[in-house]
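Coordinate inspection notes
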Amino acid sequence: MSCASCVARVERALSAVPGVDSAAVNLANESVQVDFHAPADVKTIAQAMEAAGYPAGTETVTLNIQGMSCASCVGRVERALLAGQGVLAASVNLASESATVQFAAGATTPEAIAALANAAGYPVTPRNSAQAAAQDRKADEIRKLALRTGFAAILALPVFILEMGAHVIPGMHHLIASTIGLQASHYIQFVLTTLVLFGPGLQFYTKGFPALAKGAPDMNSLVGLGTSAAYGFSLISTFAPEILPTGTANVYYEAAAVIVVLILLGRFLEARAKGRTGEAIRKLVGLQAKTARVERENRIVELPIDQIAVGDLVHVRPGEKIPVDGSVLSGSSYVDESMITGEPVPVEKSSDATVVGGTVNGTGALTVRAEKIGADTMLAQIIQMVEQAQGAKLPIQGMVDRITLWFVPAVIAVAIVTVLVWLLFGPDPALSMALVAGVAVLIIACPCAMGLATPTSIMVGTGRAAEMGVLFRKGDALQMLQETTVVAVDKTGTLTEGRPELTDLVVAQGLDEDTVLRLVAAVEATSEHPIATAIVRAAEKRGLDLPKPEDFKSITGYGVQAAVEGHSILIGADRLMEREGIDISALSDHGASLAAKGRTPLYAAIDGTAAAAIAVADPIKPSTPEAIEALHALGLKVAMITGDNRATANAIAAQLGIDTVVAEVLPEGKVAALEKLRVNGGKLAFVGDGINDAPALAAADVGIAIGTGTDVAIEAADVVLMSGDLIGVVNAFDISQRTIRNIRQNLFWAFGYNTLLIPVAAGILYPFGGPLLSPVLAAGAMALSSVFVLSNALRLRWVKAARPPSGSDRKPQTIAHAPTPAE
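Residues numbered from 1 in each chain as written. Predicted model: local features only at pLDDT ≥ 70, side-chain atom pairs only at ≥ 80, totals over all residues. Heavy atoms only, no water.

Stated formally: UniProt positions are given in the numbering used here, feature names are shortened, and annotations may be inferred rather than shown by experiment.
Going by an unreviewed UniProt entry, the protein carries the name P-type Cu(+) transporter and comes from Ruegeria arenilitoris. For the record of the protein, the UniProt heading Catalytic activity (unreviewed entry) holds the text "Cu(+)(in) + ATP + H2O = Cu(+)(out) + ADP + phosphate + H(+)". Check the Sequence similarities (unreviewed entry) section of the UniProt entry for the protein; it says "Belongs to the cation transport ATPase (P-type) (TC 3.A.3) family. Type IB subfamily."

Right under this line is the structure:
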């Protein structure tokens, strides 16, 4: 808002929302106070403000959520958070045990949001508490689970031997009956099972039954119901067998006890595996320096990293991590930036070079002026990007959410129907068999695997991508990329180095190449045109000293002229030579050869005589041909968008094997060019790096920004490549395809497991001579399904880069491009 008109516009927009009683806007502190009632809420109010062109300020908080065990918990936490006043969006991730909540600034607080999840029965701690504390909490949880599992197993083992040993070992039943007696055996099983259920297994009842009472059952409810049924029936069989039909007084203590052990074991294995899914974030956090040597009051003192201020002079010794982002004031060294770019070759750093916090200094000493600290450093932003991507929900997750919302109530209904069918139609002892089948259905159907299938793969996939220098700023880009059919690439700075270089200098017979270059570069040194800069740079590389030109004159659209050491120098296109009456026939064949390669030739004349044919071109990045070949191998079409003339663009495309060329495109025409490239409704990705690429990056289905480009381009992109290497695009597509394939494998297993085994647990095979599934086996299968899903997701940790990053041994090629000078 900037004036009273803005104030009035916001107030009118809000007053028009049904349910809003009044709206008072304060321009000075840029806030609005709204009195409202249903149907209005903060979300509709925020939408009205955005529609009016004055979006509400929002904040995002990430919370650690404890106690979630399945997809039903995820849905319950999300509903509790979304019900909070001021909450606009909430996304809960079972794999990372976290929730990301967006809320209207001023409408609520992170503490109030945390209270919503606490009230729903899921303890919350803010994610922004120390990372080490979160890791300690996780390690403590794993340790407690291990102890509970071990204690439960020790208690359950005698129960299992006493009951199941009699069915497996010949003579065991007679041995028990003749020594301690069957009734004493049942008493021992009762005591031990009671200790298991109301010791390590108590959590299933304290969480499951309250959830069931609220009409929102979860997996704890299923386990609680199943084990309670087995335990309760066994109690009656042990202490009041006379009230049961004859022949049905069997005990199932071992089922209740072993189910608890197996599910605790499954949760222990899950907790360990989930701990590994966040390995990438922990590695990134571990890259941050803890202390730095800072110059204060003419002394060098060692300070914690959080005490460094912008402008501080930081001294970095050989082999140390660079603590902050900044620029080198003095010193020279080679810095290993592989953790940021994925490039294995150290980068030379000297005065005025920029350095990134977390990278490792080589053998030299550097003095660095701190420019970005804390959350503003590149490493901190990378960590934030990865966390946001890991917490994202893909479109494919929507189907899972809709199914799991009704899944647990449906399982309870199936279990009830199963018991009724066995009681009505089952053979004797029908009651015992009905109990076994009902408990097996409840236990085997826990939807843990469903809830873990997608988020674990996203966490591991995006984390591994970050290690390869590919950052997914938006999680749904993972799914969009593997649906993409066309990759449109901006030429300058993406396919090419983005900096013209002198590629050809052919001098007339009898002239010395260095002499001609020295005179030509002396004239061009006065110009700031990219072509002129390239010629001057080439002369400097040869160590040529450049004399001062006189009478410099720019001939618009043709070239330049000046006097150097008494010689008249003329540089420009062939039309300039023709206009000045200079014969270039001796060099015209060379010019035609350059033109055939797509390079626009320039000519130099000395004292009215043609002296040289010159071409300046933008070199292809070493990895570009390999990257385009790899994209074709992935089944993608590659298109190039460029402002070059069509002939030059076609020459480049032929050289690189590009499928489609859109040439002579002005910067503002890139979005329209993208629309032309959309084929048969397929998704389209655009790769760019400049400010003028930002609209196209935003307009594409997936925008991929080269990390060496501008901040504006990176902010508009869905995916950021930390190196300037186009191979990163290949890695992005490869990790996308692998991650989505992994998710589909997980979902196929999770849904297939439940679809196939619920009927088996219900006893559908029994009438055909098949087995009646034991509740113990059901518990084992349920635990293994979750472990399988997690283990399958963790395979993504070992995905190798689709192609190795470009090394220093590969030399740039030059492409067919030399813009006509505008001097």
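1. Focus: the overall build of the protein
Where we set the bar: Elements are defined by DSSP. Helices are runs of H or I of four residues or more, strands are runs of E of two residues or more, and each kind is numbered from the N terminus. Think of it in three bands: residues with accessible area under 20% of the maximum for their type are buried, residues over 50% are exposed, and the middle band is partly exposed, with areas taken using a 1.4 Å probe on protein chains only. Contacts between residues were defined by any pair of non-hydrogen atoms, one from each residue, lying within 4.5 Å. Areas reported as accessible are Shrake-Rupley estimates using a 1.4 Å probe. Residue values count occlusion only from the protein chains shown.
Secondary structure assignment for the protein yields 29 helices and 30 strands. Per-residue burial over the protein gives 51% buried out of 823 residues. Long-range contacts, defined here as pairs at least 24 residues apart, represent 69% of the contacts in the protein between residues at least 6 apart. As displayed, the protein offers around 35600 Å² of accessible surface, 58% of which is attributable to carbon and sulfur atoms.

2. Here we look at the nonpolar core
Here is the rule we go by: As used in this record, nonpolar core signifies buried Ala, Val, Leu, Ile, Met, Phe, Trp, Tyr and Cys residues forming a set joined through side-chain atoms within 4.5 Å.
Judged by nonpolar contacts, the single largest core of 137 residues is most densely connected at I704 and V719. Of the residues forming this core, the biggest block, 15 residues, is contributed by helix α28 (residues 727-762). When sequence neighbours within four positions are dropped, the list of residues in contact with V719 reads V470, L471, F472, R473, A477, L481, V702, G703, I704, A705 and A732.

3. What about the UniProt feature "transmembrane region" (unreviewed entry) in the protein?
UniProt's feature table lists "transmembrane region" (unreviewed entry) at residues 145-169, 175-198, 219-239, 251-269, 403-425, 431-454, 747-766 and 772-794, given in the numbering used throughout. Counting secondary structure, residues 175-198 comes out at 88% helix and 0% strand; the distance between its end C-alpha atoms is 30 Å. Secondary structure over residues 772-794 splits into 87% helix and 0% strand, and the C-alpha atoms at its two ends are 34 Å apart.

4. Some points on the pairing of strand β11 (residues 333-336)
Which entries qualify depends on this criterion: Two strands pair under a simple rule: DSSP has to find at least two bridges between them.
With burial as the criterion, only one face of β11 is covered, namely that bearing S333 and V335; the residues Y334 and D336 on the opposite face remain uncovered. Where β11 meets strand β12 (residues 347-349), three bridges bridge the pair, whose relative direction is antiparallel. Each bridged residue has a counterpart across the sheet, and for V335 the counterpart in β12 is V347.

5. A few points about a nonpolar patch on the surface
Here is the rule: For patch detection, residues must exceed 30% relative accessible area and be free of salt bridges, and they are connected within 9 Å for like charges or within 5 Å for nonpolar side chains (Val, Leu, Ile, Met, Phe, Trp, Tyr). In what follows, salt bridge is the name for a side-chain nitrogen of Lys or Arg lying within 4 Å of a carboxyl oxygen of Asp or Glu.
Together, I416, V417, L420, V421, L423, L424 and F425 line one region of the surface with nonpolar side chains, adding up to about 720 Å² of accessible area. When its relative accessible area of 41% is taken as the criterion, V421 is described as partly exposed.

6. Description of the sheet that holds strand β15 (residues 366-372)
Overall, antiparallel pairing links the six strands, which are arranged β8-β7-β9-β15-β10-β13 in an open sheet. The sheet is open, and its two borders are formed by β8 (299-304) and β13 (354-355), each paired with just one other strand. When strand β7 (residues 291-296) meets strand β9 (residues 313-316), the two strands line up antiparallel, connected through three bridges. Pairing of R293 across the sheet is with H315, part of β9.

7. Some words on the packing of helix α23 (residues 624-633) against α28
Heads up, the condition is: Note on geometry: axes are lines fitted to C-alpha atoms, helical ones only across the stretch in contact, with angles between N-to-C directions running from 0 to 180 degrees. Angles are sorted into four bins: roughly parallel if under 35 degrees, roughly antiparallel if over 145, roughly perpendicular if 65 to 115, and oblique for all others. In this scheme the crossing of two helices becomes right-handed for a clockwise turn of the near helix relative to the far one and left-handed for an anticlockwise turn of less than a right angle. Amino acids outside the nonpolar list (Ala, Val, Leu, Ile, Met, Phe, Trp, Tyr, Cys, Pro) and the charged list (Asp, Glu, Lys, Arg) are all regarded as polar, and Gly is one of them.
Two numbers describe how α23 lies on α28: the axes approach to 8 Å, and their chain directions differ by 25 degrees. With respect to α28, the element α23 is oriented roughly parallel. At the point where α23 passes α28, the crossing takes the left-handed sense. Every residue of α28 that contacts α23 at E626, A627, A630 and L631 is listed here: I727, V729, V730 and F733. Its residues assigned to classes, the contact of α23 with α28 shows seven nonpolar, no polar and one charged.

8. Some points on unusual backbone geometry
For the peptide bond that leads from A38 to P39, omega is 15 degrees, which places it in the cis range. Secondary-structure assignment places P39 in the loop between β2 (31-36) and α2 (42-51). In the Ramachandran plot, N298 falls in the positive-phi region, its phi being about 65 degrees despite a non-glycine side chain. If you trace the backbone, N298 turns up in the loop between β7 and β8. Taking relative accessible area as the criterion, N298 reaches 78% and is therefore assigned exposed. Of note, E565 is a non-glycine position whose phi angle comes to about 50 degrees, a positive value.

9. Things to note about the sheet that holds strand β20 (residues 559-564)
Strand order in this open sheet of six strands is β18-β23-β22-β21-β20-β19, and the pairing throughout is antiparallel. This sheet does not close on itself; its edge strands, each paired only once, are β18 (501-507) and β19 (550-555). For this sheet the average axis-to-axis angle between neighbouring strands, irrespective of direction, equals 20 degrees. Looking at chain direction, β19 and β20 are connected through four bridges and run antiparallel. Note on β20: the bridge partner recorded for I555 is G559. The strands touched by helix α19 (residues 513-524) are β18, β19, β20, β21 (567-572), β22 (602-606) and β23 (609-617); relative to β20, the strand with the most contacts, the crossing angle is about 110 degrees. Where helix α20 (residues 530-541) meets the sheet, its contacts fall on β18, β22 and β23, and the angle it forms with β18 comes to roughly 75 degrees.

10. Looking at the pattern of salt bridges
Should the charged atoms of two oppositely charged side chains come close, the side chains can pair. For the coordinates displayed, the defined rule picks out twelve salt bridges. One salt bridge connects D490 with K670, and the closest N-O pair in it is separated by 3.0 Å. Taken together, the residues span a long stretch of sequence, with D490 in strand β17 (residues 484-490) and K670 in helix α25 (residues 670-677) at a distance of 180 residues. Here D490 falls in the buried class, since its relative accessible area comes to 7%. Taking the shortest distance from any N to any O, the salt bridge between R738 and D734 comes out at 2.9 Å. In this pair, R738 and D734 both sit in helix α28, four residues apart, roughly one turn of the helix. Among the residues examined, D734 registers a relative accessible area of 11% and is labelled buried. Within the structure, one salt-bridge network assembled from shared partners comprises E501, R537 and K541.

11. Describing the environment of A539
Relative to the assigned elements, A539 resides in helix α20. Using a relative accessible area of 0% as the deciding quantity, one classes A539 as buried. Spatially, the C-alpha atom of A539 lies 6.4 Å from that of R518, the residues being 21 residues apart in sequence. Once you skip the residues sitting within four places of it in the chain, A539 turns out to touch L517, A521, L544 and L546.

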